[in-house]
Amino acid sequence: MMLAEAGQGGIMTVPKGGFVSFEGGDGSGKSTQALLLVQRLKQSGHRVVHTREPGGCWFSEQLRQLLVSGAPEKINDKTELLLMTAARIEHVRQLIEPALRQGQWVVSDRFLDSTLAYQGFGRGMDRCFLDLLQQWAIGGLVPRLTFLLLLEPEEGLRRSIEKRSSEQVRETRFEQEGIAFQRRVNAGFVTLAKESPSRFRVIDATDSREHIARKVWVAVQEVFSHVE
Ligand code: TMP
């Protein structure tokens, strides 16, 4: 079964695994759903790499700390885009491609759609340039299936502020951008989902955790016929 195109070497045949990403605005619950899918796949006997962006490998996790904490204006938009892209190059090269080559599953909490939504629609950077840059950086690698968890930005921000305060995490740089920014990001994700309907599944993030997890599992079984 063909699951992904990878690197400069062209098409790669992946025997058993699959590449799935979760996307959505801040506080949409995508991290929880990524974890539940990883657990479900493991229960069914699959080998799974659970990862996230920015991050996923040592180098990219260092970049994550620079990118997601501190004040919104601490770096220029161009610097932000290039660091997000650098983090993705290493993530793909060091973790994702080797895992897919070995027939493992990769479940990623965010991937390239986040760059298009946040830096593109959110920051207003040119879409054609972003597409070219991503193609140059990761050679057209895209997940086979992407779940978009949709939530009103006000509710998303409320949820993530609540979560951050209980966990004492300081990854709030994008949350501090405010509602107008989050609205552009959300609208961007919806546009991306409409552009690639066979890859995206749009999910109402106000549903219960269990209900969403069931929808996710059904979609995974539909798309990857080897999953029971
Ligand atoms: P999260 O892991 O809690 O979702 O936080 C990561 C933040 O980084 C989130 O606010 C979205 C942002 N981000 C981008 O702006 N561009 C990207 O390409 C990625 C992967 C994340």
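Residues numbered from 1 in each chain as written. Predicted model: local features only at pLDDT ≥ 70, side-chain atom pairs only at ≥ 80, totals over all residues. Heavy atoms only, no water.

**Q** Describe in detail helix α2 (residues 58–68), supporting the description with residues and values.
**A** Turning to α2, its buried residues number three or more, namely Ser60, Leu63, Arg64, Leu67 and Val68. The buried residues of α2 occupy an angular sector of 115° when the element is viewed end-on, so they sit on one face. Facing away from the buried side of α2 by more than 90 degrees, the exposed set consists of Trp58 and Gln65. For α2, the elements touching its buried residues are β4 (48–52) and α3 (77–101). Gly70 sits one or two residues past α2 and shows a positive phi near 90°. (Buried < 20%, exposed > 50% of the residue type's maximum accessible area, 1.4 Å probe, protein only. Helix = DSSP H or I, 4+ residues; strand = E, 2+ residues; numbered from the N terminus. Arc of directions from axis to C-beta. Contact = heavy atoms within 4.5 Å.)

**Q** Lay out the pairing of strand β3 (residues 19–24) with the relevant residues and their values.
**A** On any regular strand, side chains alternate: one points to one face of the sheet, the next to the other face. Most of β3 sits out of view: six of its six residues are buried. Burial of β3 is two-sided: the residues Phe19, Ser21 and Glu23 facing one way and the residues Val20, Phe22 and Gly24 facing the other way are all buried. Bridge analysis of β3 against strand β5 (residues 105–109) gives four bridges, and the strand direction is parallel. Paired with Ser21 across the two strands is Ser108, which belongs to β5. Two strands pair when backbone bridges link them, and β3 and strand β6 (residues 145–150) are joined in this way by five bridges, in the parallel orientation. For Glu23, the partnering residue across the bridge sits in β6 and is Leu148. (Pairing = 2+ DSSP bridges.)

**Q** Mind laying out the nonpolar core, listing which residues take part and the relevant values?
**A** Formed by 23 residues in total, the largest nonpolar core has its most connected members in Phe22, Leu37, Phe147 and Val220. The element best represented in this core is helix α8 (residues 209–223), accounting for six residues. Other than its neighbours up to four places away in sequence, Phe147 contacts Val20, Ser21, Phe22, Glu23, Arg201, Ile203, Val216, Ala219 and Val220. By size, the runner-up hydrophobic cluster in this structure holds 20 residues, among which are Tyr118, Leu130, Leu133 and Phe189. (Core = buried A, V, L, I, M, F, W, Y, C linked by side-chain atoms within 4.5 Å.)

Keep in mind that these numbers describe shape and distance, not what the molecule does.
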